[in-house]
Amino acid sequence: MVDSLIAAASVIAAAVAVGFAGIGPGIGQGNAAGQAVEGIARQPEAEGKIRGTLLLSFAFMEALTIYGLVVALSLLFANPFVG
Amino acid sequence: MISTILLSKIEVGSHFYFFFPNGSHFHLETLLVSSLVISLLSIFVFISTKNLQNVPTNLQNFAEVLYDFVKNIAFTQLGPSYYKQFLPFVATIFFFVLGSNWAGALIPWKIFELPQGELSAPTNDINTTACLAILTSITYFFAGFKIKGLGYFKRYIKPSVFLLPINIIEDFTKPLSLNFRLFGNIVADELTVSVLCSLVPLIVPIPIMVLGIFASSIQALIFATLSSAYIAEVIE
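Residues numbered from 1 in each chain as written. Chains lettered and ligands numbered in written order. Predicted model: local features only at pLDDT ≥ 70, side-chain atom pairs only at ≥ 80, totals over all residues.

A. The overall build of chain B, seen in detail. The secondary structure content of chain B amounts to seven helices and two strands. Secondary structure elements of chain B occur, N-terminal to C-terminal, as α-β-β-α-α-α-α-α-α. For chain B, the spread of C-alpha atoms along the principal axes amounts to about 65 × 55 × 45 Å. For chain B, buried positions account for 31% of its 236 residues. Sequence-distant contacts in chain B: of pairs separated by 6 or more residues, those separated by 24 or more amount to 69%. (Helix = DSSP H or I, 4+ residues; strand = E, 2+ residues; numbered from the N terminus. Buried ≥ 20, exposed ≤ 12 C-beta atoms within 10 Å, placed from the backbone. Contact = placed C-beta atoms within 7 Å.)

B. Layout of the packing of helix H3 (residues 58–78) of chain B against helix H7 (residues 205–235) of chain B. Residue and element names in this part refer to chain B. Two elements in contact, H3 and H7, have axes separated by 8 Å at closest approach and are oriented at 30°. Classed by the angle they form, the pair H3 and H7 counts as roughly parallel. Between H3 and H7 the crossing geometry is right-handed. Here Val70, Ile73, Ala74, Gln77 and Leu78 of H3 lie close against H7, whose contacting residues are Ala224, Thr225, Ser228, Ala229, Ile231 and Ala232. (Axes fitted to C-alpha atoms, helices over the stretch in contact; angles between N-to-C directions. Parallel < 35°, antiparallel > 145°, perpendicular 65-115°, else oblique. Left-handed = near helix turned anticlockwise from the far one by under 90°.)

C. Structural context of unusual backbone geometry. The backbone of B:Ile203 sits at a positive phi, close to 55°, despite the residue not being glycine. Relative to the helices and strands, B:Ile203 is located in the loop between helix H6 (164–199) and H7.

D. Representation of the nonpolar core. The biggest cluster of nonpolar side chains holds 48 residues, and the ones touching the most others in it are B:Phe86, B:Val90, B:Ile93, B:Phe94, B:Val97, B:Phe223 and B:Ala224. Within the residue set of this core, elements represented by two or more residues are helix H1 (2–42) and helix H2 (47–77) of chain A together with helix H2 (28–48), H3, helix H4 (83–106), helix H5 (126–148), H6 and H7 of chain B. For this core, the element with the most residues is H4(B), which contributes 11 residues. Among all residues touching B:Ala224, those that are not within four sequence positions of it are B:Val70, B:Ile73, B:Val90, B:Ile93 and B:Phe94. (Core = buried A, V, L, I, M, F, W, Y, C linked by C-beta atoms within 7 Å.)

E. Local environment of H5(B). All names here are of chain B. Its 23 residues place the ends of H5 33 Å apart at the C-alpha level, agreeing with the 33 Å of an ideal helix rising 1.5 Å per residue. Every buried residue of H5 is accounted for by Ile126, Thr128, Thr129, Leu132, Ala133, Thr136, Tyr140 and Ala143. Considering only its buried residues, H5 is in contact with H2, H4, H6 and H7. Where H5 terminates, the next one or two residues include Gly149, which has phi positive at roughly 65°. (Expected span 1.5 Å × (residues − 1).)

This is the structure in structure tokens:
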């Protein structure tokens, strides 16, 4: 009984972890991409540099979602509260 | 139906353990693939630099392009006076991470059957990424002590004294975030591909696979850039 309760709670918690972790980086990446497009439109010759910086900062923002994903994965596959 | 599901069975955290007589054990599949990556990289470097010429030919050309790339990573972070000292470390990290990520993505490991777990990228195992992250923090401690001596500890009370606990915590969160970033990205990519494969085994996963190859090369770049940035922060 307790185990099934823990399992259900873990599945919901995993979904919530990934879902909420996706919000912030989504907004951030949108902002960054918009600014980058603006920068390229204003100064098309700097496109290569802007793209490199953009991809690098995308990876940093993505890492935040990935932390949520790691939490979700450990809840699903390596749950410390079961057994 | 059953065979389709078994074809892309999703396995997370199951490893092929190899036990020593004294009870210690390690993940054999991680060790196998990472030693393959290391030996391939060593063979490439050995062959491409065997007889160096003033006017480079094919393989030496390629090696020089790679060298320029990692030199730029170290140079932009560490500056002209220190980059040579830490270039070997940054280059090693970059090529090992890139090689292991791509070894997991490009080689069809499903051909080989293991009794438990499966052959995949060594960075798929959290122990590999933790080792790389801890190596990074050891390196920046060493760099700080070597270049600044005991003045290194001034860094902890740099903006003001009451930031001391935050500066100490930062020393732990840096390797932690490096570790989880690389591990999570690789696992997330493989998980996405295997979930898609179990839903639609044809064509549909291919764009995600290509995206995965791109993302894993970016991750190698990020890891190398961040480790050189951490070193630069200490020795500035």
